[in-house]
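Commentary on secondary and tertiary structure
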Amino acid sequence: MSHKRIPKRKAAIAVGGVAALGAAALLLPQANASQDGGARGGASTARTLKADDAGDLAARLSKLLGDAFAGSYYDSANRQLVVNVTDVSGDNNVIVQAKKAGAEVREVDNSTAELRAAARTLRTKATIPGTAWAVDPRTNKILVTADSTVTGTRWDRLESTVDGLGSGMATIKKSAGTLKTFVSGGDAIFGGGARCSLGFNVTAGDGSPAFLTAGHCGVAAEQWSDAQNGAPIATVDQATFPGNGDFALVKYDDPNTQAPSDVNVGGGQSVPILQAAEATVGQQVFRMGSTTGLHDGQVLGLDATVNYPEGTVTGLIQTDVCAEPGDSGGSLFTQDGGAVGLTSGGSGDCTSGGETFFQPVTTALAATGATLGDAGAGGGQQAGGDQQAGDGQQAGGDQQAGGDQQAGDGQQVGGDQIGGGQEAGADTGDGSDGSGAADDPSGADASNGQAPGTGHASGTGNAGRSGRSGLTDTH
């Protein structure tokens, strides 16, 4: 993500180096690719769809089918929407309607109402730090995740609660990592000793330029800078965390700030953000963050509940995209320019993998009254290479990522530097993740009581940002 500040200081907020060249190569050449939206047969044959179109169809079918609708997911291999239905005995019209709309229909045992009731039981009886759950429409069950801190009586309590839901209602997955928010000390946007990532530039309800980031970043500090120990450039307007979400609206202090609606993925490349998009289970998504750069994966669950050491957060998106401290607030988006989420937290890292949860952008926009789109920005993304941002040369008014210049033509996106093995942040602490929950009785707190942002975050580097103004490298 980048922004231009007028009149004296032009800067680019670049969300880190690209740490996953494979993801960049996959994303950029296909940014403008289209998929066949026609039917592969008669009216009752499932149509091939883009993921965003499948999400739209799922929303329509949810209303059309009513209580018979039991969730849906995107079959990326066949490019089809699979819709679960239940309680359709004697009402074949439900299946006929779904098939005519172009979906693949599957009869399942657990209804949406039953799954929601089971989730409420988990909330009442098993709100344990280090646990999370979300409905997995592919298995028609609730997937419960427990991190490495959930042991002893806590594990027994969780297992007993899941068993009490009944056979075939939920499964437990043990995670080797620790569920935590991904805030740390290092390189990106800075506030009060914390480091986070800018998510998406937006226009606030009063017309002023602003950006979205994680709510746990917004409650960690009121003012944010684009350089460590630098002068503040933006002030938190609204922040929610924990509770019904993890999002913050941060307004630029300079009302003339130009904030293009795109995501900088490194190497002078950007992906224009065209609209907010609802997540669909099975959908391919990309995440950009200041610590680990660009990574991709799939959506695993919706309306997830996560029990962080700091408190419970509801309404999140669960994915298998990796993330690490400092990636908090970063962009989750689709290859065709849909803004999907803001990085909240999870377990694991980008070496061993793990689970990561995201705040839906659509919910954050509705709650804050903000809208996606350029806040007084011109059409061109100022881009890197070896040129300084603001030198008057813009990288391609009509060049979109994946247009005529594709990644993988012999030049590595983001360069060869993936952090250079250096540690990010002025204070490395002693392995802290910066979650800042010193009093967590479960042992899930890995911050050792230190304030957010003092943690260790390796691999930030300056890949793909050679010569840019704006964020300075802080090693």
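This write-up is about the structure you can find in this document. (Residues numbered from 1 in each chain as written. Predicted model: local features only at pLDDT ≥ 70, side-chain atom pairs only at ≥ 80, totals over all residues. Heavy atoms only, no water.)

**Concerning the sheet that holds strand β1 (residues 69-75)**
For clarity, the threshold we go by: Strand pairing requires that DSSP identify at least two bridges connecting the strands. Counting from the N terminus, the helices are DSSP H or I runs at least four residues long and the strands are E runs at least two residues long. In this description, a line fitted to the C-alpha atoms serves as the axis of each element, helices being fitted only across the stretch in contact, and the angle between N-to-C directions of two axes falls anywhere from 0 to 180 degrees. For this analysis, residues touch if any pair of their heavy atoms sits within 4.5 Å.
Pairing is mixed across the open sheet formed by three strands, whose spatial order is β1-β2-β3. Both edges of this open sheet fall to β1 and β3 (104-107), since each of them pairs with a single strand only. Across the sheet, the axes of successive neighbouring strands diverge by a mean angle of 25°, strand direction being ignored. Where strand β2 (residues 80-85) meets β3, four bridges bridge the pair, whose relative direction is parallel. When the sheet's bridge partners are listed, Asn84 is paired in β3 with Arg106. Its contacts with the sheet put helix α3 (residues 92-100) on β2 and β3, and the angle it makes with β3 is roughly 150°.

**Some details on the packing of aromatic side chains**
What describes a pair of aromatic rings is the distance from one ring centre to the other and the angle between the planes of the rings. Rule in force here: Any two of the Phe, Tyr and Trp rings considered here, Trp counted by its six-membered ring, make a pair once their centres fall within 6.5 Å; the pair's planes then place it as stacked at under 30 degrees, edge-to-face at over 60, or tilted in between. The classification of residues rests on relative accessible area computed with a 1.4 Å probe and restricted to protein chains. Under 20% of the type maximum is buried, over 50% is exposed, and intermediate values are partly exposed.
By the definition in use, this model includes three aromatic pairs. Between Phe241 and Tyr308, the ring centres sit 6.1 Å apart and the planes meet at 45°, which makes this aromatic pair tilted. Of the two residues, Phe241 is situated in the loop between β13 (234-240) and β14 (247-252) and Tyr308 in strand β19 (residues 293-308); the sequence distance between them amounts to 67 residues. Overall, Phe241 belongs to the buried group, its relative accessible area being 12%.

**Examining helix α7 (residues 361-368)**
Basically, it comes down to this: Comment: arc refers to directions from the helix axis out to C-beta atoms.
What α7 keeps buried is the set Val361, Ala364, Leu365 and Thr368. Looking down the long axis of α7, one finds its buried residues gathered within 100° of arc, a one-sided arrangement. Note on α7: the residue one or two positions beyond its end, Gly369, has a positive phi of about 80°.

**Here's the deal with the pattern of salt bridges**
Filter applied, for reference: Salt bridges are counted wherever a side-chain nitrogen of Lys or Arg sits within 4 Å of a carboxyl oxygen of Asp or Glu.
One pass over the full model with this rule turns up five salt bridges. Lys251 is paired through a salt bridge with Asp237; the nearest N and O atoms lie 3.7 Å apart. Of the two residues, Lys251 sits in strand β14 while Asp237 sits in strand β13, which places them 14 residues apart along the sequence. The partner of Arg287 in a salt bridge is Asp327, with the nearest N and O atoms 3.5 Å apart.

**What to know about the sheet that holds β14**
Reading across from one edge, β12-β13-β14-β11-β10-β24 is the order of the six strands in this open sheet, with antiparallel pairing throughout. Here the strands that pair on one side only, and so sit at the sheet edges, are β12 (223-224) and β24 (371-372). With two bridges connecting them, strand β10 (residues 200-203) and β24 associate as antiparallel partners. Looking at the pairing, Thr203 lines up with Thr371 of β24. Packed onto the sheet, α7 meets β10, β11 (209-213), β13, β14 and β24 and runs at close to 60° relative to β14.

**Some points on the packing of helix α2 (residues 51-65) against α3**
For clarity, the threshold we go by: Any angle that falls under 35 degrees is termed roughly parallel, while one over 145 is termed roughly antiparallel, one within 65 to 115 roughly perpendicular, and all others oblique. Throughout, a crossing is termed right-handed when the near helix is turned clockwise from the far one, and left-handed when it is turned anticlockwise from it by less than a right angle.
At their nearest, the axes of α2 and α3 sit 11 Å apart, and the two run at 160° to each other. The orientation of α2 with respect to α3, classified from their angle, is roughly antiparallel. Crossing geometry of α2 relative to α3 is assigned as right-handed. Only Val94, Gln97 and Ala98 of α3 make contact with α2, whose side of the interface consists of Leu61, Leu64 and Leu65.

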